[in-house]
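The lines below spell out each chain.
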Amino acid sequence: MSLGNLFFADTLCSQNFQGYIEGGCRTAKIAAAKIIRSNGLK
Ligand SMILES: Cc1cc2nc3c(=O)[nH]c(=O)nc-3n(C[C@H](O)[C@H](O)[C@H](O)COP(=O)(O)OP(=O)(O)OC[C@H]3O[C@@H](n4cnc5c(N)ncnc54)[C@H](O)[C@@H]3O)c2cc1C
């Protein structure tokens, strides 16, 4: 989930694992990948 160059990641951003650590980890991984891509690093 993102708004411009502001990226959100936490358990509440997760559709399938909301309320669990898994949700936080998965959305963090997605956000990190987007940040890397948006900075032209990959
Ligand atoms: C008692 C308890 C037991 C749990 N047991 C389990 C379990 O067994 N398995 C499981 O999968 N899940 C469990 N959970 C749920 C799990 O802890 C959460 O789903 C998970 O930690 C959410 O991660 P998050 O990164 O979204 O948020 P958080 O872990 O809440 O992280 C948010 C971070 O942001 C920081 N923060 C807040 N406001 C600001 C600010 N203004 N500036 C800077 N930093 C800020 C907070 O200090 C915090 O470190 C449990 C939760 C509780 C309360």
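Being a predicted model, the structure only gives us computed values, none of them experimental.

**Quick notes on the overall build of the protein chain**
Turning to step 1, where the next piece is worked out: The secondary structure content of the protein chain amounts to one helix and two strands.
Turning to step 2, where the next piece is worked out: Secondary structure of the protein chain in N-to-C order comes out as β-β-α.
Turning to step 3, where the next piece is worked out: Principal-axis analysis of the C-alpha atoms places the extent of the protein chain at approximately 30 × 20 × 10 Å.
Turning to step 4, where the next piece is worked out: Residue burial in the protein chain is summarised as follows: out of 42 residues, 7% are buried.

**Notes on the site of the ligand**
Turning to step 1, where the next piece is worked out: Around the ligand lies a shell formed by Asp10, Thr11, Gly19, Tyr20, Ile21, Glu22 and Gly24.
Turning to step 2, where the next piece is worked out: Looking at side-chain class alone, the shell around the ligand contains two nonpolar, three polar and two charged residues.

**A closer look at the environment of Leu6**
Turning to step 1, where the next piece is worked out: With respect to the secondary-structure elements, Leu6 resides in strand β2 (residues 6-7).
Turning to step 2, where the next piece is worked out: Put simply, Leu6 and Ala31 are 25 residues apart on the chain and 9.6 Å apart in space, counted from C-alpha to C-alpha.

**Some thoughts on helix α1 (residues 21-38)**
Turning to step 1, where the next piece is worked out: For α1, which comprises 18 residues, the first-to-last C-alpha distance of 26 Å matches the rise-based estimate of 26 Å (1.5 Å per residue) to within 8%.
Turning to step 2, where the next piece is worked out: Backbone geometry just downstream of α1 places Gly40 in the positive-phi region, at approximately 65°.

**Here we look at the confidence of the model for the protein chain**
Turning to step 1, where the next piece is worked out: Overall, the prediction assigns the protein chain a mean pLDDT of 94, with 100% of residues at 70 or greater.
Turning to step 2, where the next piece is worked out: Within the protein chain, α1 carries the highest mean pLDDT (96), whereas strand β1 (residues 2-3) carries the lowest (87).

Quick notes on the rules
- Residues numbered from 1 in each chain as written.
- Predicted model: local features only at pLDDT ≥ 70, side-chain atom pairs only at ≥ 80, totals over all residues.
- Helix = DSSP H or I, 4+ residues; strand = E, 2+ residues; numbered from the N terminus.
- Buried ≥ 20, exposed ≤ 12 C-beta atoms within 10 Å, placed from the backbone.
- Near = placed C-beta within 6 Å.
- Nonpolar A, V, L, I, M, F, W, Y, C, P; charged D, E, K, R; others polar.
- Expected span 1.5 Å × (residues − 1).
- pLDDT = per-residue confidence, 0-100.

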